[in-house]
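The primary structure of each chain is shown beneath.
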Amino acid sequence: PAQVNEVRRTLDLRVSGAAVTKPCISFAHFGFDEQLLDIIVKAGYTEPTGIQKQAVPCALEGRDIIGIAKTGSGKTAAFLLPMLVHIMDQEELDRNEGPIGLVLAPTRELAQQIYTEAKKFAKAYGLKVAAVYGGASKMDQFKDLRGMGPEILVGTPGRLIDMVKMKATNFRRVSYLVLDEADRMFDLGFEPQVRSICENIRPDRQRLSTYLIFPGMGYLTILRVHTHHSAALQRDVREE
Ligand code: ADP
Ligand code: MG
């Protein structure tokens, strides 16, 4: 434990929570298979970033995580890599059943960036990724999404809800949920949409206490980018 604390101190990692697993200092120690390691090498990643070192082993354990790290510190891969492992762990990978991994993002630009990153990593297993967001044709996205049946879906909250209403997809199978830039999502007033999406995820399993706490959900990764504080996020972090 003293050594782990020393490693965390050196990496400037601060953790809270019960029995938090130790950080992994190299990609080789995450337990990823050859296919995934290969893609990571091809992406030019030689060493995990600080948040990846700590958040990836925690996410692989099935823990809910709130991750906070500055812009450019690799939060996207920190949630995408464990997501891929989680998806590949599912017994029935039937196609066209709705996504298993769902990523909510506050803006179209961010949704597109996450999509690009997700596509790159999803190639390791031939998984399909789709992105939906405002400012583009709903009908085109409807057709793409319905036809494709992706295992990973990225989107802005409003457009995701539109797609569910149009029956282009459903969130019944989602068991790995990411709210990327959660504070910004709340600051932009998406709380009702985020809440509504969360209420549509695995209704058979879900027990909500507050909208940031999902007992029995398996995974909730909230990755926060901006250093300014959101009143909503602070309140719920404290409640947790
Ligand atoms: P954040 O979401 O924390 O702002 P991103 O996930 O967008 O950061 O990552 C910023 C950049 O760093 C991206 O270009 C990404 O591909 C790259 N990156 C992420 N992890 C690593 C790594 N371990 N090694 C090298 N580059 C990385
Ligand atoms: Mg980011």
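For clarity, every value in this text was computed on a predicted model and none was experimentally measured.

J.: Could you clarify how one ought to interpret the nonpolar core in this entry?
T.: Most often, soluble globular proteins keep nonpolar side chains buried together rather than apart. Counting 37 residues, the largest nonpolar core has Leu-36, Leu-81, Met-83, Leu-84, Phe-121, Ile-152 and Val-154 as its most contacted members. Mapped onto this core, the elements with two or more residues apiece are helix H2 (34-42), helix H3 (50-60), helix H4 (75-89), helix H5 (108-122), strand S3 (129-132), strand S4 (152-155) and strand S5 (176-180). Per element, the largest residue contribution to this core is seven residues, and it comes from H4. With residues near it in sequence (within four places) discarded, Met-83 still touches Gly-101, Leu-102, Val-103, Ile-152, Tyr-176 and Val-178.

J.: Honestly, the packing of helix H6 (residues 138-148) against helix H7 (residues 157-165) in this entry has me stumped. Any pointers?
T.: When two helices pack together, you describe them by how their axes are tilted relative to each other and by the distance separating the axes. Between H6 and H7, whose axes approach to 10 Å, the crossing angle comes to 65°. The crossing of H6 and H7 is right-handed. Mapping the contact onto sequence places Lys-138, Gln-141, Phe-142 and Leu-145 in H6 and Arg-159, Asp-162 and Met-163 in H7. Of the residues in the contact of H6 with H7, the class split is three nonpolar, one polar and three charged.

J.: It is not clear to me how the site of ligand 1 should be interpreted in this structure. Could you clarify?
T.: The local shell around ligand 1 holds 14 residues, among which Tyr-45, Glu-47, Gly-72, Lys-75 and Thr-76 are the closest. Between ligand 1 and Tyr-45 there is a distance of 2.6 Å, counted from an oxygen atom to a side-chain nitrogen or oxygen. Computed on the free molecule, ligand 1 has an accessible area of 570 Å², of which 69% lies beneath the protein chains in the complex. Of the residues in the shell around ligand 1, the class split is three nonpolar, seven polar and four charged.

J.: Sorry if this is basic, but what is going on with the UniProt feature "short sequence motif: Q motif" (unreviewed entry) in the protein chain here?
T.: Following the UniProt record, one finds the feature "short sequence motif: Q motif" (unreviewed entry) at residues 25-53. Taken end to end, residues 25-53 has its terminal C-alpha atoms 6 Å apart, with 45% of it in helix and 0% in strand.

J.: I tried to follow the layout of surface pockets on my own but got confused; where do I start?
T.: A probe as big as a water molecule, rolled over the atoms, marks out the empty space that is left. Each pocket or cavity is described by its volume, and for the second largest pocket that value is around 260 Å³. Taken together, 14 residues form the lining of the second largest pocket, with Gly-72, Lys-75, Thr-76, Leu-110 and Gln-113 sitting closest to its centre. Elements with a contribution of two residues or more to the lining of the second largest pocket: H4 and H5. If you tally residues by element for the lining of the second largest pocket, the top one is H5, at four residues.

J.: Sorry if this is basic, but what is going on with the packing of H4 against H5 here?
T.: Interhelical geometry of H4 versus H5 gives an angle of 40° and a closest axis separation of 10 Å. The angle between H4 and H5 falls in the class oblique. Between H4 and H5 lies a crossing of right-handed hand. Contact residues: H4 offers Thr-76, Ala-77, Phe-79, Leu-80, Leu-81 and Leu-84, while H5 offers Ile-114, Glu-117, Ala-118, Phe-121 and Ala-122. For the contact of H4 with H5, the per-class residue count stands at nine nonpolar, one polar and one charged.

J.: Please explain the pairing of S3 as it appears in this structure.
T.: Note on strand geometry: in a regular strand, side chains alternate between the two faces of the sheet. Here S3 shows two buried faces, one formed by Val-129 and Ala-131 and the other by Ala-130 and Val-132. With four bridges connecting them, S3 and S4 associate as parallel partners. Bridge pairing in S4 places Ala-131 opposite Val-154. Handedness of the crossover joining S3 and S4 through H6 is recorded here as right-handed.

Reading the values: the criteria
Residues numbered from 1 in each chain as written. Chains lettered and ligands numbered in written order. Predicted model: local features only at pLDDT ≥ 70, side-chain atom pairs only at ≥ 80, totals over all residues. Heavy atoms only, no water. Core = buried A, V, L, I, M, F, W, Y, C linked by side-chain atoms within 4.5 Å. Buried < 20%, exposed > 50% of the residue type's maximum accessible area, 1.4 Å probe, protein only. Helix = DSSP H or I, 4+ residues; strand = E, 2+ residues; numbered from the N terminus. Contact = heavy atoms within 4.5 Å. Axes fitted to C-alpha atoms, helices over the stretch in contact; angles between N-to-C directions. Left-handed = near helix turned anticlockwise from the far one by under 90°. Nonpolar A, V, L, I, M, F, W, Y, C, P; charged D, E, K, R; others polar. Near = heavy atom within 4 Å. Polar contact = N/O pair within 3.5 Å; in protein donor to acceptor, adjacent residues only side chain to side chain. Areas by Shrake-Rupley, 256 points an atom, 1.4 Å probe, with all protein chains shown as cover. UniProt positions renumbered as here; feature names shortened; annotations may be inferred. 1 Å grid on protein atoms, 1.4 Å probe; cavity = no way out; pocket = protein on both sides within 12 Å on 5 of 7 lines; lining within 4 Å. Points joined across faces, edges and corners; volume = space filled by probe spheres on them. Parallel < 35°, antiparallel > 145°, perpendicular 65-115°, else oblique. Pairing = 2+ DSSP bridges. Right-handed = clockwise from strand over helix to strand, strands pointing away.

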